[in-house]
Amino acid sequence: MKNVAKKSNTMDILQRYSLTASKKFGQNFLVDPNIIEKIVTSSDITKETAVIEIGPGIGALSEGLARKAGKLICYEIDERLKPVLKETLSEHENVTVIFQDFMKADLDQCVKDLSKDYKDICVVTNLPYYITSDIIMKVLKSRSSINRMIAMVQKEVALKFTSDEKSPMSVMIDYVGNISYVMTVSKNVFMPAPHVDSAVIRINKERNLEESFIEVVEGAFKQKRKTILNNMKALFDHPQDVLDACHIDAKKRAQELTLEDYCALAQERKRV
């Protein structure tokens, strides 16, 4: 089927399969082909690219990705959509749909398999709001060769992620590469319409996170109102000595530390 994202086509599919958007899975179906095209274009996909899509829904974005990509792997948690995706993606032989919760999937093994044939691997997704951070964090922490992630998220979340406000995620993004705000997406291009607008973000991943870096960052922000000295007590037997060695003021809080500070602490953590 062509042009799933056309509103009349989406309505037809939902009616024929007696489907309604699942609140449990945070479903909102995108019904604007122009937005689909912009997301695909911003993803820089070619036939040399393998794409992992999380939450294909009825296949609106999948359709656009499949046309451009060499291979498309879709993870879908809602098994009601099996017959729908079989229909909507039937003409694309380069698509594999896996009906599984992405949070339980072995992402590193999936990428390892794709890497045998593709050097360029990216994740593209229209994320349900309730699990946005968990999914992005899973991709960030992956030890595999994912080059970038393009995600549709709540606009407020996108603005937070791309601001100067420090959080565990922002520090990890700074370490692996960079993030950019691609575009705003009106709530009116979804069925049913969510309460707020969305936005597309792009995270470029140039290197993988090290376990010691993850431990230090998550430890620093565990109780972000506490000083870095207090938060490092769980990771180091002599945290004051470690902070002195890293030239970090023990009275500072997690959001006041620089990326270089976290890298220095991660090096010290490796020695433990």
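Treat the numbers as computed from the prediction; the structure is a model and nothing was measured.

Basis of the calculations
Residues numbered from 1 in each chain as written. Predicted model: local features only at pLDDT ≥ 70, side-chain atom pairs only at ≥ 80, totals over all residues. Heavy atoms only, no water. Helix = DSSP H or I, 4+ residues; strand = E, 2+ residues; numbered from the N terminus. Buried < 20%, exposed > 50% of the residue type's maximum accessible area, 1.4 Å probe, protein only. Contact = heavy atoms within 4.5 Å. Areas by Shrake-Rupley, 256 points an atom, 1.4 Å probe, with all protein chains shown as cover. Domains from an automatic or database assignment. Buried area = accessible area lost by both parts, 1.4 Å probe. Axes fitted to C-alpha atoms, helices over the stretch in contact; angles between N-to-C directions. Parallel < 35°, antiparallel > 145°, perpendicular 65-115°, else oblique. Left-handed = near helix turned anticlockwise from the far one by under 90°. Nonpolar A, V, L, I, M, F, W, Y, C, P; charged D, E, K, R; others polar. Disulfide = S-S within 2.5 Å. Pairing = 2+ DSSP bridges. Core = buried A, V, L, I, M, F, W, Y, C linked by side-chain atoms within 4.5 Å.

1. With respect to the overall build of the protein chain
When its secondary structure is counted, the protein chain shows twelve helices and nine strands. Along the longest, intermediate and shortest principal axes, the C-alpha atoms of the protein chain span 65 × 40 × 30 Å. Counting all 272 residues of the protein chain, 52% fall into the buried class. Long-range contacts, defined here as pairs at least 24 residues apart, represent 69% of the contacts in the protein chain between residues at least 6 apart. For the protein chain, the accessible area works out to roughly 13500 Å², and carbon and sulfur atoms hold 48% of it.

2. Description of the domain arrangement of the protein chain
Taken as a whole, the protein chain is organised into domain 1 (7-205) and domain 2 (211-270). Summarising the inter-unit geometry, the C-alpha centres of domain 1 and domain 2 are found 34 Å apart. Contacts between the two partners involve nine residues from domain 1 and, on the opposite side, twelve residues from domain 2. Both faces considered, domain 1 and domain 2 share a buried interface measuring about 900 Å² in area, 79% of it formed by carbon and sulfur atoms.

3. Structural notes on the packing of helix H8 (residues 168-176) against helix H9 (residues 211-220)
In the contact formed by H8 and H9, the axes pass within 9 Å of each other and the chain directions differ by 150°. With respect to H9, the element H8 is oriented roughly antiparallel. Crossing of H8 over H9 shows right-handed handedness. Contact with H8, carried on its side by Pro-168, Val-171, Met-172 and Tyr-175, involves Phe-213, Ile-214, Val-217 and Glu-218 of H9 and no other residues of that element. Here the residues of the contact of H8 with H9 are counted per class, giving seven nonpolar, no polar and one charged.

4. Quick look at the environment of Gln-223
Secondary-structure assignment places Gln-223 in the loop between H9 and helix H10 (228-232). Along the sequence, Gln-223 and Gly-55 sit 168 residues apart, while their C-alpha atoms lie 33 Å from each other.

5. Describing the state of the cysteines
A complete count under the given rule lists zero disulfides for this structure. Distance from the sulfur of Cys-110, which forms no disulfide, to the nearest cysteine sulfur (Cys-74) is 11 Å. Note on Cys-263: no disulfide assigned, nearest cysteine sulfur contributed by Cys-246 at a separation of 10 Å.

6. Re the sheet that holds strand S3 (residues 71-76)
With mixed pairing, seven strands are arranged side by side in an open sheet as S4-S3-S2-S5-S6-S9-S7. The strands lining the two open edges of the sheet, one partner per strand, are strand S4 (95-99) and strand S7 (177-185). Averaged over all pairs of adjacent strands, the angle between strand axes in this sheet comes to 15°, irrespective of strand direction. Of the strand pairs in this sheet, strand S6 (residues 148-154) and strand S9 (residues 198-205) are connected by seven bridges, and their pairing is antiparallel. Bridge pairing links Val-153 to Ala-199 in S9. Strand contacts of helix H2 (residues 33-42): strand S5 (120-126), S6, S7 and S9, with the helix running at about 165° to S7, the strand carrying the most contacts. Its contacts with the sheet put helix H5 (residues 107-114) on strand S2 (49-54), S3 and S5, and the angle it makes with S2 is roughly 155°.

7. Section: the nonpolar core
Counting residues in each nonpolar core, the largest one holds 57 residues, and the members touching the most others are Ile-52, Ile-136, Leu-140, Met-149, Phe-213, Tyr-262 and Leu-265. When residues in this core are grouped by element, the largest group, six residues, is from H8. Of the domains in this structure, domain 1 (7-205) and domain 2 (211-270) are the two that each give at least three residues to this core. If you look at the next biggest cluster of nonpolar residues, it comprises 37 residues, including Leu-30, Ala-66, Met-183 and Phe-190.

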